[in-house]
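Overview (structure and organization)
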Amino acid sequence: MNWRFSMLLLLLLCFDGPGIKCQDEEPTPRNEVLGEPTVSCAADAIYVKLRTKSTFLGHVDVKYSPDKACFQSLVTNNQIEILIPHEECMVPRRRSLHPTGVILEVSLSVSFHPEFTTVDDRIFNMQCFHQKKINGTSTSLAIGSPKPPPSDTKGPSCSYEVLTSPGGLPAGRLALGQDVYHSWQCQNVYESCIMIENCELVGGEETHEVIDSSGCSKHESIMPQLEYHNRTHVGTSVKVFGVSHTSIVYFACQVRLHPQLPTGECPKPKCDLMRRKREDSSQFPSIDVRSQNLEISQLINITSSTMTPHPTEPPIQHTCPDIHVETESIEEASESKALDEERICADFRSVLVVSILLTVALILITTTIVILIVRRQKYEIASMS
């Protein structure tokens, strides 16, 4: 009887005992990508192949694509193959002036959990450079190279970045209304002056013009007129804005290389309402630039200066486990918080007491049944004798 009773207690502890494990669980081995992916640049698509440490059970995704089903993927045990068409996935492209060609950029995320994103996930940023055919007339792209274009130290090059502040780090995740700094810089332009034209905000399949062909802002309430610091640097401070249908956007512009004026000064856009006019500058060379991808939260950024400070209150001591209660930011919040936490503590104690009583009752019932069975067996043995 003692052996059966001990086994019953052990089973009850395994089911109801907090923190008690009846069998050691082996940790699940973590999967990972082995090496770097293999990238092939076709005329109309990007082909990616990579291998994982063990069988891949997760999912892959082309980041920043408006159509989440635009690509094809094939998983064979620990090998993943992805085909990303240029047109269907709207792969961003930008022109390269030196050497002449087109650069296509795509970001691929590899998630090892079938449903969630975890710390083990990886994102690969890949580029394909398609050099322009010298004697060809077709507008389609030839076979490209996954390697970046060879650097031309003599030719002009320009960059466009959205920074957290002037001279700060490149921005990534932003909130509406947050202060950022748009910066355009060029090198090796010699005696030329740069002018920013034809800027668009690109979100999914839609584009929204923010700076026209004259270099003037079309929406000064959200994009101020640009500040020309010197021949090779243009910038402006902007409060973050986006579009409602997508949270992933980027900016694309043209950098026009203008010759200096006879006075030695650089030409600048004339954006006054009385003097605004469109000048034909198409005879001057231009360079296409684009910013990094930006993820914009639809929540409004609230700075500390706009919030009303609340007096500090002494912490309230509780004997129940730590419980976080969301409260409203009003004057009566402290009283409401105390009442809510006391109520939750009381509920927690009630549940704990009921659980203990049910466990004791189950033990007593089981013990009574065992005793009855033993007495019946003894009675039957005595009757037979």
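Residues numbered from 1 in each chain as written. Predicted model: local features only at pLDDT ≥ 70, side-chain atom pairs only at ≥ 80, totals over all residues. Heavy atoms only, no water.

A short note on the overall build of the protein
If you tally the helices and strands in the protein, you get two helices and 18 strands. For the protein, buried positions account for 31% of its 385 residues. Total accessible area on the protein stands at roughly 25,800 Å², and carbon and sulfur atoms take up 56% of it. (Helix = DSSP H or I, 4+ residues; strand = E, 2+ residues; numbered from the N terminus. Buried < 20%, exposed > 50% of the residue type's maximum accessible area, 1.4 Å probe, protein only. Areas by Shrake-Rupley, 256 points an atom, 1.4 Å probe, with all protein chains shown as cover.)

Overview of the UniProt feature "transmembrane region" (unreviewed entry) in the protein
Within the UniProt annotation, "transmembrane region" (unreviewed entry) is assigned to residues 351-374. With 100% helix and 0% strand, residues 351-374 has end C-alpha atoms that lie 35 Å from one another. (UniProt positions renumbered as here; feature names shortened; annotations may be inferred.)

A word on the pattern of salt bridges
Going through the model one piece at a time under the given rule, you end up with eight salt bridges. Across the salt bridge formed by E105 and R290, the nearest N and O atoms sit 3.9 Å from each other. Of the two residues, E105 is situated in strand β7 (residues 101-111) and R290 in strand β17 (residues 286-290); the sequence distance between them amounts to 185 residues. As far as the burial class goes, E105 and R290 line up, both buried. (Salt bridge = Lys/Arg side-chain N within 4 Å of Asp/Glu carboxyl O.)

Remarks on the sheet that holds strand β11 (residues 179-187)
Across the sheet, four strands lie side by side as β9-β11-β15-β14; this open sheet has antiparallel pairing. A single partner strand is all that each edge strand has here, and the edge strands are β9 (157-163) and β14 (227-230). On average, adjacent strands in this sheet sit at an angle of 20° to one another, irrespective of strand direction. Bridge count for β11 against strand β15 (residues 233-239) is seven bridges, and the pairing is antiparallel. Looking at β15, one finds that W184 is bridged to V234. (Pairing = 2+ DSSP bridges. Axes fitted to C-alpha atoms, helices over the stretch in contact; angles between N-to-C directions.)

Quick notes on a negative patch on the surface
Taken together, the side chains of D44, D67, E87, E88, E205 and E206 make up a negatively charged region of the molecular surface. Position of E206 among the secondary structure elements: in strand β13 (residues 206-211). (Patch = residues over 30% accessible without salt bridge, like charges linked within 9 Å, V, L, I, M, F, W, Y side chains within 5 Å. Lys, Arg positive; Asp, Glu negative; His and termini not counted. Charge placed at Lys NZ, Arg CZ, Asp CG, Glu CD.)

Points about the sheet that holds strand β2 (residues 45-52)
Taken in spatial order, the four strands line up as β1-β2-β5-β4 in an open sheet, and their pairing is antiparallel. Edge strands, defined here as strands with exactly one partner in the open sheet, are β1 (33-41) and β4 (72-76). Neighbour-to-neighbour, the strand axes of the sheet open up by a mean angle of 15°, direction not taken into account. Both β4 and strand β5 (residues 79-85) contribute to a ladder of five bridges, which runs antiparallel. Bridging from a neighbouring strand, Q72 pairs with L83 of β5.

Examining empty space enclosed by the protein
Per the counting criterion, the structure on display carries one cavity of 30 Å³ or more. Size it by volume and the largest cavity reaches roughly 60 Å³. Along the walls of the largest cavity sit V162, L174, V180, H182, V238, K239, V240, F241, F251, L294 and I296, which together make up its complete lining. Considered class by class, the residues forming the lining of the largest cavity number nine nonpolar, one polar and one charged. (1 Å grid on protein atoms, 1.4 Å probe; cavity = no way out; pocket = protein on both sides within 12 Å on 5 of 7 lines; lining within 4 Å. Points joined across faces, edges and corners; volume = space filled by probe spheres on them. Nonpolar A, V, L, I, M, F, W, Y, C, P; charged D, E, K, R; others polar.)

Focus on the state of the cysteines
Under the counting rule described, the total for this entry stands at six disulfides. Across the disulfide, C70 is cross-linked to C89 (sulfur-sulfur distance 2.0 Å). When the S-S torsion is 100°, as for the bridge of C70 with C89, the disulfide is right-handed. Note that C70 is positioned in the loop between β3 (59-62) and β4 and C89 in the loop between β5 and β6 (93-96), a separation of 19 residues in sequence. Here the two residues C70 and C89 agree in accessibility, since each one is buried. (Disulfide = S-S within 2.5 Å.)

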